[in-house]
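Commentary on secondary and tertiary structure
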Amino acid sequence: MRDIILILSEIMNRIHDILMVRVGINMTDKQLHFWVIGFIGLVTFLIVFVLVKLIQLLKFHTTILSFIFTFIMMTVFVFAIEIQQAVSNSGNMEFADAIAGLWGFIVFFAVYAVVAGVLYGIFRLVRGKKTERKPPKRNKKPLTPLAEKNTAYSKAEIRPEPNIDTMDEQNEKPVRTRTEARKRKESIK
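Residues numbered from 1 in each chain as written. Predicted model: local features only at pLDDT ≥ 70, side-chain atom pairs only at ≥ 80, totals over all residues. Heavy atoms only, no water.

1. Focus on the overall build of the protein
- Looking only at helices and strands, the protein has six helices and zero strands in total.
- When its helices and strands are written in sequence order, the protein yields α-α-α-α-α-α.
- Across the 189 residues of the protein, 10% fall into the buried class.
- Intrachain contacts of the protein at a sequence separation of at least 6 include 33% that bridge at least 24 residues.
- Per element, the accessible surface of the protein, about 16,600 Å² overall, is 66% carbon and sulfur. (Helix = DSSP H or I, 4+ residues; strand = E, 2+ residues; numbered from the N terminus. Buried < 20%, exposed > 50% of the residue type's maximum accessible area, 1.4 Å probe, protein only. Contact = heavy atoms within 4.5 Å. Areas by Shrake-Rupley, 256 points an atom, 1.4 Å probe, with all protein chains shown as cover.)

2. Section: the side chain of Glu82
- Counting through the fold element by element, Glu82 comes out in helix H3 (residues 61-88).
- Here the side chain of Glu82 touches Glu94 through a polar contact of 3.1 Å, landing on its backbone nitrogen. (Polar contact = N/O pair within 3.5 Å; in protein donor to acceptor, adjacent residues only side chain to side chain.)

3. Side note on the pattern of salt bridges
- Inspection of the entire model under this criterion finds one salt bridge.
- Where Arg14 meets Glu10, a salt bridge forms, and the shortest distance between an N and an O atom there is 3.3 Å. Placement of both Arg14 and Glu10 in helix H1 (residues 2-22) is noted, with a separation of four residues, approximately one turn of the helix.
- Accessibility expressed as a relative area gives 55% for Arg14, which makes it exposed.
- Residue classification places Glu10 among the partly exposed positions, given a relative accessible area of 39%. (Salt bridge = Lys/Arg side-chain N within 4 Å of Asp/Glu carboxyl O.)

4. With respect to the packing of aromatic side chains
- Applying the stated criterion across every chain yields a total of 10 aromatic pairs.
- Ring centres of Phe67 and Phe109 lie 4.6 Å apart, and the angle between their planes is 40°; this geometry places the pair in the tilted category. Residue Phe67 is located in helix H3, and its partner Phe109 is located in helix H4 (residues 95-133); the two are separated by 42 residues in the primary sequence.
- Given a relative accessible area of 24%, Phe67 falls into the partly exposed group.
- For the pair Phe79 and Phe95, a centre-to-centre distance of 6.1 Å together with 35° between the ring planes defines the contact as tilted. Residue Phe79 is found in helix H3, and its partner Phe95 is found in helix H4; the two are separated by 16 residues along the sequence.
- Following the ring pairs from residue to residue traces out a cluster consisting of Phe67, Phe71, Phe105, Phe109 and Tyr112. (Phe/Tyr/Trp six-rings, centres within 6.5 Å; stacked < 30°, edge-to-face > 60°.)

5. So, helix H2 (residues 29-55)
- For H2, which comprises 27 residues, the first-to-last C-alpha distance of 37 Å matches the rise-based estimate of 39 Å (1.5 Å per residue) to within 8%.
- For H2, the set of buried residues is Leu32, Val36 and Ile55.
- For H2, the elements touching its buried residues are H1 and H3. (Expected span 1.5 Å × (residues − 1).)

6. So, H3
- Taking 1.5 Å of rise per residue, 28 residues should cover 40 Å, and H3 covers 40 Å from first to last C-alpha, within 8% of that figure.
- Listing the buried residues of H3 in full gives Val78, Glu82, Gln85 and Ala86.
- Downstream of H3 by a residue or two, Asn89 has a phi angle that is positive, lying close to 55°.

7. Remarks on the environment of Phe105
- Note on placement: Phe105 falls in helix H4.
- Every residue in contact with Phe105, bar those within four places of it in the chain, is listed here: Phe67, Thr70, Phe71 and Met74.

Here it is, written out as structure tokens:
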């Protein structure tokens, strides 16, 4: 684990030297971090944005995005623990420990996914049988545009008809419940 951190710091030092010496950009560390991390962050954001848009097209997109976010958080957490062990000398800082921790999360998530999938399948199977017995009711009257109903008016002067559902015929009071509206429609017919 220490070797990996040393290699990463060496890579960052070389990038710093390349930008400072070979390219000829004289910047402080703060300015260099501003530009490099800003650029890397924006490129990462654009890649993640495209991936999330593609994942949104899938059926279980919320679960997939939740898993990815949690996996990233667990990766940061695991490496933070390993770095803390090295700093405080409370344990050995090993890459294998970090991998074992991440495998633990993956195994626990796989068990969750199997249980949730079985329960979802049972739910769909039970719900699917109920909907096969009772097909949904469909409105047999086709909806016609307002312009076709009111042929006396020109298309430029379309005036809305009063809504029977929301107004009382005698008192012009608004309807408060669906039951009232249904009763009024039946009384008009």
